[in-house]
Amino acid sequence: MGKLAIRILPVAIDYYDHKIVEAWKRMHAEEQIDYIMTSQLIWETMEEENLLIDHNFLEYRIRHLVYSGVFEMKGIPKNRRRYFVRLK
């Protein structure tokens, strides 16, 4: 039985931002909706990119993108199932 080799590579903190935005664009094109639930965006990003990353980190980056003006938020950011984001 083969072993799975996992490598940990250091990257800049904003490395996944582009991947998150691209995942949002794909979901928007497929579903034709402006606001996408944050939890769905996180899982789509992880699945499309085949990422082994903590979902909390991706949520942190999504909130950073909201606060920097890349995304617009709707809802209550209490947890990732209660707010939605759209590209500005």
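Look above for the structure.
Residues numbered from 1 in each chain as written. Predicted model: local features only at pLDDT ≥ 70, side-chain atom pairs only at ≥ 80, totals over all residues. Heavy atoms only, no water.

**Side note on the sheet that holds strand β3 (residues 83-87)**
Then, in step 1: Spatial strand order, β1-β3-β2: 3 strands in an open sheet with antiparallel pairing. If you trace the sheet from one side to the other, it starts and ends with β1 (36-37) and β2 (71-75), each paired once.
Then, in step 2: Where β1 meets β3, 2 bridges bridge the pair, whose relative direction is antiparallel. Residue pairing for β3: I36 is matched across the bridge by V85.
Then, in step 3: Taken strand by strand, helix α1 (residues 17-31) contacts β1, β2 and β3, and its axis lies near 90° from that of β3. (Pairing = 2+ DSSP bridges. Helix = DSSP H or I, 4+ residues; strand = E, 2+ residues; numbered from the N terminus. Contact = heavy atoms within 4.5 Å. Axes fitted to C-alpha atoms, helices over the stretch in contact; angles between N-to-C directions.)

**Digging into the layout of surface pockets**
Then, in step 1: Considered as a void within the structure, the largest pocket measures approximately 440 Å³ in volume.
Then, in step 2: Lining the largest pocket are 14 residues, with R7, I8, L9, Y16 and L52 sitting closest to its centre.
Then, in step 3: Here the residues of the lining of the largest pocket are counted per class, giving 10 nonpolar, 1 polar and 3 charged. (1 Å grid on protein atoms, 1.4 Å probe; cavity = no way out; pocket = protein on both sides within 12 Å on 5 of 7 lines; lining within 4 Å. Points joined across faces, edges and corners; volume = space filled by probe spheres on them. Nonpolar A, V, L, I, M, F, W, Y, C, P; charged D, E, K, R; others polar.)

**Some thoughts on the packing of α1 against helix α3 (residues 55-67)**
Then, in step 1: Between α1 and α3, the shortest axis-to-axis distance is 10 Å and the interhelical angle comes to 80°. With respect to each other, α1 and α3 are oriented roughly perpendicular. For the pair α1 and α3, the contacting residues are D17, I20 and V21 in the first and L58, R61, I62, H64 and L65 in the second.
Then, in step 2: Grouping the constituent residues of the contact of α1 with α3 by class yields 5 nonpolar, 1 polar and 2 charged. (Parallel < 35°, antiparallel > 145°, perpendicular 65-115°, else oblique.)

**A closer look at the pairing of β3**
Then, in step 1: Here β2 runs beside β3; their pairing, made up of 5 bridges, is antiparallel. Paired with F71 across the strands is L87, a residue of β3.

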